[in-house]
Amino acid sequence: MIVTLIVACEIAFWVLLAAGLALRYGARKPRLGAAVLLCEPVLELVLLAVTAVDLKNGAEPDWKHGLAAVYIGFTAGLGHSTIKWADARVAHRFAGGPPPVKPPRYGKARAVHEWKVAGRWTVAAATALALLQAAVWYVGGDGDTSSLRSWQRTMLLVIGINLVIAASYTVFPKGEPGRDTKREPGPNA
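Summary of the structure given here. (Residues numbered from 1 in each chain as written. Predicted model: local features only at pLDDT ≥ 70, side-chain atom pairs only at ≥ 80, totals over all residues. Heavy atoms only, no water.)

With respect to the packing of helix H4 (residues 63-95) against helix H6 (residues 146-171)
Packing of H4 against H6 leaves a shortest axis separation of 8 Å and a crossing angle of 35°. In this structure, H4 crosses over H6, and the sense of that crossing is right-handed. Residues Trp 63, His 65, Gly 66, Leu 67, Val 70 and Phe 74 of H4 lie in contact with H6, whose contacting residues are Ser 147, Leu 148, Trp 151, Met 155 and Val 158. Its residues assigned to classes, the contact of H4 with H6 comprises 8 nonpolar, 3 polar and no charged. (Axes fitted to C-alpha atoms, helices over the stretch in contact; angles between N-to-C directions. Helix = DSSP H or I, 4+ residues; strand = E, 2+ residues; numbered from the N terminus. Left-handed = near helix turned anticlockwise from the far one by under 90°. Contact = heavy atoms within 4.5 Å. Nonpolar A, V, L, I, M, F, W, Y, C, P; charged D, E, K, R; others polar.)

With respect to the layout of surface pockets
In this structure, the largest pocket occupies an estimated 620 Å³ of space. Of all elements in the fold, only H4 and helix H5 (107-139) reach the threshold of two or more residues within the lining of the largest pocket. If you tally residues by element for the lining of the largest pocket, the top one is H4, at 8 residues. Taken together, the residues of the lining of the largest pocket break down into 11 nonpolar, 4 polar and 5 charged. (1 Å grid on protein atoms, 1.4 Å probe; cavity = no way out; pocket = protein on both sides within 12 Å on 5 of 7 lines; lining within 4 Å. Points joined across faces, edges and corners; volume = space filled by probe spheres on them.)

As for the nonpolar core
Within the largest apolar cluster, 18 residues are counted, with the highest numbers of intra-cluster contacts made by Ile 6, Cys 9, Phe 13, Leu 17, Leu 21, Leu 47 and Tyr 71. Among the secondary structure elements, those contributing two or more residues to this core are helix H1 (2-26), helix H3 (40-56) and H4. Top element by residues in this core is H1. It accounts for 8 residues. The contacts of Leu 21, once residues within four sequence positions are left out, are Gly 26, Ala 86, Asp 87 and Val 90. Counting residues in hydrophobic clusters, the runner-up holds 17 residues, among them Leu 78, Val 136, Trp 151 and Met 155. (Core = buried A, V, L, I, M, F, W, Y, C linked by side-chain atoms within 4.5 Å. Buried < 20%, exposed > 50% of the residue type's maximum accessible area, 1.4 Å probe, protein only.)

A look at the packing of aromatic side chains
All chains considered together, the criterion is met by 2 aromatic pairs. Relative to Trp 14, the ring of Phe 13 has its centre 5.2 Å away and its plane inclined at 85°; by these criteria the two rings are edge-to-face. Measuring from centroid to centroid gives 5.3 Å for Phe 74 and Trp 121, while their planes differ by 75°, and the two rings are edge-to-face. Pair noted here: Phe 74 is in helix H4 and Trp 121 is in helix H5, with a separation of 47 residues, a long-range link. A relative accessible area of 31% places Trp 121 in the partly exposed class. (Phe/Tyr/Trp six-rings, centres within 6.5 Å; stacked < 30°, edge-to-face > 60°.)

Quick notes on the environment of Ala 124
Mapped onto the secondary structure, Ala 124 falls in helix H5. Taking the relative accessible area as the measure of exposure, Ala 124 reaches 0% and is therefore buried. With 53 residues separating them along the chain, Ala 124 and Tyr 71 place their C-alpha atoms 8.9 Å apart. In contact with Ala 124, not counting residues within four places along its chain, are Gly 73, Phe 74, Gly 77 and Leu 78.

As structure tokens, this is what we get:
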């Protein structure tokens, strides 16, 4: 049941996103579109409640409960940026808005962009970690929480990978092509 609910929440996320943007730009009802978009967090609250009730009713915690926590965490950390991304594209395509801003490709600006991306992924994974830990405490010492602990290790790996990627753009910034960054030898060299 939990996996089905996760799939339903994911489908509902995209349906609400499409409906909210259609109302905002197609029907020219920006407030109603915003109200529909604000319903997105309700999906995660329903999933959280159903997962908690499932555990409360004696279900053995397994990968499905961990996946629910991870889904909620990733929606919390990445949902807003996904909505902004889609909104910019729909506004440009259907409402005469400016073209979406592309991320910088080179230098310090790219490094800053990568740190922002890593921040969003870290918030997502940290939220999942907190929910997973809450589930471990909720189940208590009587239940087998190894699958929840496994998800926690995965979330720590997600954080680590994103921090390494962001750090690599800081330590090894990509230069613009065609721009020679090497210094020419001076006349006294």
